[in-house]
Amino acid sequence: MKKKCDRILIIKIGALGDIALASSILPALKESSPDSHITWLCGDDLEQLVANFSEVDKIITVPRRFVSGTVFHKIVFCMIVWLKLSLSHYDLCIIAQQGKRYRILPIFISAKRFRFFLGRSGNIPGRYRGTDYARLAVGSDSEGDIPPTFPKINIPPAAPLTTRNILLFVGGAYYEEPFDGLRRYSAEKYRLIAERLLSAGYQVTLIGSKADRWVESHFEGLDVTSALGKTTINSLLAIIASSSALISHDSGPMHLAVLLQTPLVAIFGPTWHKDCLPRDGKFAAIYPELPCYPCYDGKYFAFACAKKRKKVGNTFEEP
């Protein structure tokens, strides 16, 4: 008699980079339970990304606007989860969301077992977060670091790019003031990078969302291609996968490059590169050699730097 496969539910709602990091759950689950049926509950704006994970059998979406905010929003979120999952039963539910408020979710979900992060963040400082998600999947931990395993990605076809195409991600990293832009490398310095790449014979392409179109003015007069606001998640995956490299600060596209094994140069400010990048020769990190580095604990930035920076439009000027 054939053994019944495990029904597994993963709850990881967003954002883009968080989904990419959490995808290391999938190979770990399939290794321990090859015949499992995996359902992923994610934000409605990230369904396209999760759909490209070969190991995921079913996707359930929730409106991301209800994930955070007022108490009313959080109540609505719990009710939506209950309505979406009330008729389903799972052998294992992995709540891969950080934060104590997600501890209430087992009340609304029928499952034999639950796994979730202990503490506020669940991350061991200095250890690649993809590793922590994989350990959450198997329900065990061990000393030291382990090489991360990435899921199989169904990469959509893309128009062919030149073999010397370099992507720049200049925008993103939006937060409420005074923390808005603290993780973002300055657009002026990205322009200097673009100038050097162009002089070396590379093609340069700017990637980002519609909200990032403000960066185009910083590249006026340069022969760069702008894909800002022109890509879906699928086309972004295809562009990153087919490019020679990506240069970015700590951002969603940075994590997509790791997921797709595209060579990467990542520029860090307050966040710790050891948390965000696996130890791999394809992924290079540039970070400040300062005694106060890193100065971000997963929720708050060091306030001293924020007070000294002057906001100009959508970016910041150093004092």
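See above for the structure.
Residues numbered from 1 in each chain as written. Predicted model: local features only at pLDDT ≥ 70, side-chain atom pairs only at ≥ 80, totals over all residues. Heavy atoms only, no water.

*Asks:* What's the story with a nonpolar patch on the surface in this structure? I'm lost.
*Replies:* Judged by side-chain polarity, Val71, Ile75, Met79, Trp82 and Leu83 come together as a nonpolar surface patch covering roughly 520 Å² of accessible area. In this structure, Trp82 sits in helix α4 (residues 71-85). (Patch = residues over 30% accessible without salt bridge, like charges linked within 9 Å, V, L, I, M, F, W, Y side chains within 5 Å. Areas by Shrake-Rupley, 256 points an atom, 1.4 Å probe, with all protein chains shown as cover. Salt bridge = Lys/Arg side-chain N within 4 Å of Asp/Glu carboxyl O. Helix = DSSP H or I, 4+ residues; strand = E, 2+ residues; numbered from the N terminus.)

*Asks:* For this particular structure, what's the right way to read the pattern of salt bridges?
*Replies:* When the charged atoms of two side chains lie near each other, side chains of opposite charge can form a pair. Enumeration over the complete set of coordinates arrives at five salt bridges. Ionic pairing is found between Asp45 and Arg64, a salt bridge with its closest N-O pair at 2.9 Å. Residue Asp45 is located in the loop between β2 (37-43) and α3 (47-50), and its partner Arg64 is located in the loop between β3 (58-62) and α4; the two are separated by 19 residues in the primary sequence. Classification of Arg64 by relative accessible area gives partly exposed; the value is 30%. Residue Asp250 is joined to Arg183 by a salt bridge in which the shortest nitrogen-to-oxygen separation is 3.3 Å. Within this pair, whereas Asp250 is found in the loop between β9 (245-249) and α8 (252-260), its partner Arg183 is found in the loop between β6 (165-169) and α6 (187-199), the two being separated by 67 residues in sequence. Judged on exposure class, the residue Asp250 and its partner Arg183 are both buried. (Buried < 20%, exposed > 50% of the residue type's maximum accessible area, 1.4 Å probe, protein only.)

*Asks:* What's the story with the sheet that holds strand β11 (residues 283-286) in this structure? I'm lost.
*Replies:* Each strand in a sheet pairs with its neighbour through backbone hydrogen bonds, running either in the same direction (parallel) or in the opposite one (antiparallel). Read across the sheet, six strands follow the order β8-β7-β6-β9-β10-β11 without closing on themselves; strand pairing throughout is parallel. Since the sheet does not close on itself, it has two edges, and those belong to β8 (225-226) and β11, each with one partner. As paired strands, β6 and β9 are joined by four bridges and run parallel to one another. Across the sheet, Ile166 pairs through a bridge with Ala245, a residue of β9. Across the sheet, α8 touches β6, β7 (203-207), β9, β10 (264-267) and β11, and the angle it forms with β9 is around 145°. (Pairing = 2+ DSSP bridges. Contact = heavy atoms within 4.5 Å. Axes fitted to C-alpha atoms, helices over the stretch in contact; angles between N-to-C directions.)

*Asks:* Teacher, can you tell me more about the sheet that holds strand β4 (residues 89-95) here?
*Replies:* If you walk across this open sheet you meet the five strands as β3-β2-β1-β4-β5, and the pairing is parallel. Two strands in the sheet have a free side with no partner beyond their single neighbour: β3 and β5 (110-116). Neighbour to neighbour, the strand axes of the sheet diverge by 20° on average, direction disregarded. Bridging between strand β1 (residues 7-11) and β2 involves five bridges; their strand directions are parallel. Of the residues in β2, the one forming a bridge with Leu9 is Thr39. Its contacts with the sheet place α4 against β1, β2, β3 and β4, and it is angled at close to 150° to β3.

*Asks:* Which parts of the structure should I look at to understand the packing of helix α7 (residues 233-242) against α8?
*Replies:* Each pair of packed helices gets described by two things: the angle between the helix axes and the distance between those axes. Relative to each other, α7 and α8 sit at 60°, their axes nearing to 10 Å. Classified by the angle between their axes, α7 and α8 sit oblique to one another. Between α7 and α8 lies a crossing whose hand is right-handed. For the pair formed by α7 and α8, the contact residues are Leu236, Leu237, Ile240 and Ala241 on the first element and Pro253, Leu256, Ala257 and Leu260 on the second. Classifying every residue of the contact of α7 with α8 gives eight nonpolar, no polar and no charged. (Parallel < 35°, antiparallel > 145°, perpendicular 65-115°, else oblique. Left-handed = near helix turned anticlockwise from the far one by under 90°. Nonpolar A, V, L, I, M, F, W, Y, C, P; charged D, E, K, R; others polar.)

*Asks:* Before we go on, may I ask you to explain the nonpolar core in this structure?
*Replies:* Looking at soluble globular proteins, one finds that nonpolar side chains tend to be buried together. With 50 residues, the main nonpolar core has Leu29, Trp40, Phe53, Leu256 and Leu264 as its most contacted residues. Take this core: its biggest share by element is six residues, from α8. Excluding residues within four positions of it along the chain, Trp40 makes contact with Ile10, Lys12, Ile19, Ala22, Ser23, Leu26, Val50, Phe53, Val56, Lys58, Ile59 and Ile60. In terms of nonpolar packing, the next biggest core, distinct from the first, is built from 22 residues, Leu41, Phe77, Leu85 and Ile95 among them. (Core = buried A, V, L, I, M, F, W, Y, C linked by side-chain atoms within 4.5 Å.)

Note that every value here comes from positions in space, so none of it alone points to a role or purpose.
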